[in-house]
Amino acid sequence: MKQAILVSPEHIVFSEVAEPAQLGSNDVLIHIKKIGVCGSDIHAYKGKHPFTQLPVVQGHEYSGQVVRVGSAVMKAKVGDKVTGRPQRVCGSCGPCRSGRYNVCANLQVEGFQAPGVAQDYFVLPEDRLYVIPESIDFDAIALIEPAAVAAHATAMIRDIGSKNIVISGAGPIGNIIAQFAKLRGAKRVIVSDFNPFRLQKMHDLGITETINLAEENFEDGLKRILKDESFQVGIEAVGVEPALHNLVDHIEKAGQVIIVGVYEEFPRLNMGYVGEHELTIQGSMMYKDEDYQEVIRCLTEGKLQLSALITQRFPFENYNEAYQFIEKQASRTIKVLIDVN
């Protein structure tokens, strides 16, 4: 079968490897269909992901179809449309024992610390597998993983119905976070970004209160939209220091700032200011099973718009070109899919 390995920064090598021969009793063999490229993949591709060592087989957000099941598998059958959580956890550390396996002390994420799905076939244990209704296409299924990130982050917001929420970043994660914030009943949802193409996609999907940082500064945009109000929750979804400062410096006292973005360089933060304003700075790490389940439910009920975020597609053999396109054409890119099979 074909496989793509990121062997060094900006260098993916293609090879033919043997198909998985052994299948455990609780394992499922998946024929990979689509792979989404996300911001974390780009950090890894550039050799700047803080928790990834090369070489690695990339690919962690995907869709596929079951081609074989182990003897004890109960929830999937051959032909089912599926995706899976890419988290390999130990099950025995403190976070795992308390049910917070998304921050497992020994966490390995497929596509980063463990081999990902950039190949024809992939073996996944049944406990991390999700069977998706036939009505959902493979494109949307490939975006369930980033949607679960958004579901998890917005679930952290306390008393969301009374909160004005500002999201830094209108990329795929920021977009889906905004969709989930609206679904959860946020008072107002505001998104800031420099990219007018991405902000227009927000408007197309019904998130119309936006700040184009190429045309006005963050503070002026807030005053234009909120008038005499303030915002109580900030979500940083782009992974750059100035975006974090925008949120921390302007949020209401006692506000909550949730960090979702992955930083190539560690940001500086005035912790004296954070203390004096009694801000909560909270990380959001991936997702858990219930986040996947919620995304699948919302997608099935037509409440989430995921396929609309796909702006480009590349065949598997053009994996390198997909990354190069994203770097050169960021102004007109939201979500890129790799067509594997």
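What counts as what
- Residues numbered from 1 in each chain as written.
- Predicted model: local features only at pLDDT ≥ 70, side-chain atom pairs only at ≥ 80, totals over all residues.
- Heavy atoms only, no water.
- Salt bridge = Lys/Arg side-chain N within 4 Å of Asp/Glu carboxyl O.
- Helix = DSSP H or I, 4+ residues; strand = E, 2+ residues; numbered from the N terminus.
- Buried < 20%, exposed > 50% of the residue type's maximum accessible area, 1.4 Å probe, protein only.
- UniProt positions renumbered as here; feature names shortened; annotations may be inferred.
- Pairing = 2+ DSSP bridges.
- Axes fitted to C-alpha atoms, helices over the stretch in contact; angles between N-to-C directions.
- Contact = heavy atoms within 4.5 Å.
- Parallel < 35°, antiparallel > 145°, perpendicular 65-115°, else oblique.
- Left-handed = near helix turned anticlockwise from the far one by under 90°.
- Nonpolar A, V, L, I, M, F, W, Y, C, P; charged D, E, K, R; others polar.

### Overview of the pattern of salt bridges
Then comes step 1: One pass over the full model with this rule turns up 20 salt bridges.
Then comes step 2: Across the pair aspartate 339 and lysine 34 runs a salt bridge whose closest N-O atoms are separated by 2.6 Å. One end of the pair, aspartate 339, is in strand E17 (residues 335-339); the other, lysine 34, is in strand E3 (residues 27-37), and 305 residues separate them in sequence.
Then comes step 3: Aspartate 339 gets classed as partly exposed once you look at its relative accessible area, which sits at 24%.
Then comes step 4: With its nearest N and O atoms 3.8 Å apart, the salt bridge here joins glutamate 219 to lysine 223.

### So, the UniProt feature "domain: Alcohol dehydrogenase-like C-terminal" (unreviewed entry) in the protein
Then comes step 1: The UniProt record marks residues 172-300 with the feature "domain: Alcohol dehydrogenase-like C-terminal" (unreviewed entry), using the residue numbering of this structure.
Then comes step 2: Its end C-alpha atoms 19 Å apart, residues 172-300 is made of 45% helix and 16% strand.

### A short note on the sheet that holds strand E10 (residues 164-168)
Then comes step 1: Ordered by their spatial adjacency, six strands build an open sheet running E12-E11-E10-E13-E14-E15, and the pairing between neighbours is parallel. Only two strands of the sheet have a single neighbouring strand rather than two, namely strand E12 (210-212) and strand E15 (280-283). This sheet shows a mean twist of 20° between the axes of neighbouring strands, independent of strand direction.
Then comes step 2: Sheet topology note: the E10/strand E11 (residues 188-193) ladder contains five bridges and is parallel. In the sheet register, isoleucine 165 faces E11, and the bridge partner there is valine 189.
Then comes step 3: With respect to the sheet, helix H8 (residues 241-250) is in contact with E10, strand E13 (233-236), strand E14 (256-259) and E15, its orientation differing from that of E13 by roughly 175°.

### Section: the packing of helix H4 (residues 144-155) against helix H10 (residues 289-300)
Then comes step 1: The contact between H4 and H10 brings their axes to 8 Å, and the two run at 110°. Our classification of the angle between H4 and H10 gives roughly perpendicular. Crossing angle aside, the handedness with which H4 passes H10 is right-handed. Between H4, through Ile144, Glu145, Ala147, Ala148, Ala151 and His152, and H10, the contact on the second element is made entirely by Asp291, Tyr292, Glu294, Val295, Ile296 and Leu299.
Then comes step 2: Looking at the contact of H4 with H10, its residues break down into eight nonpolar, one polar and three charged.

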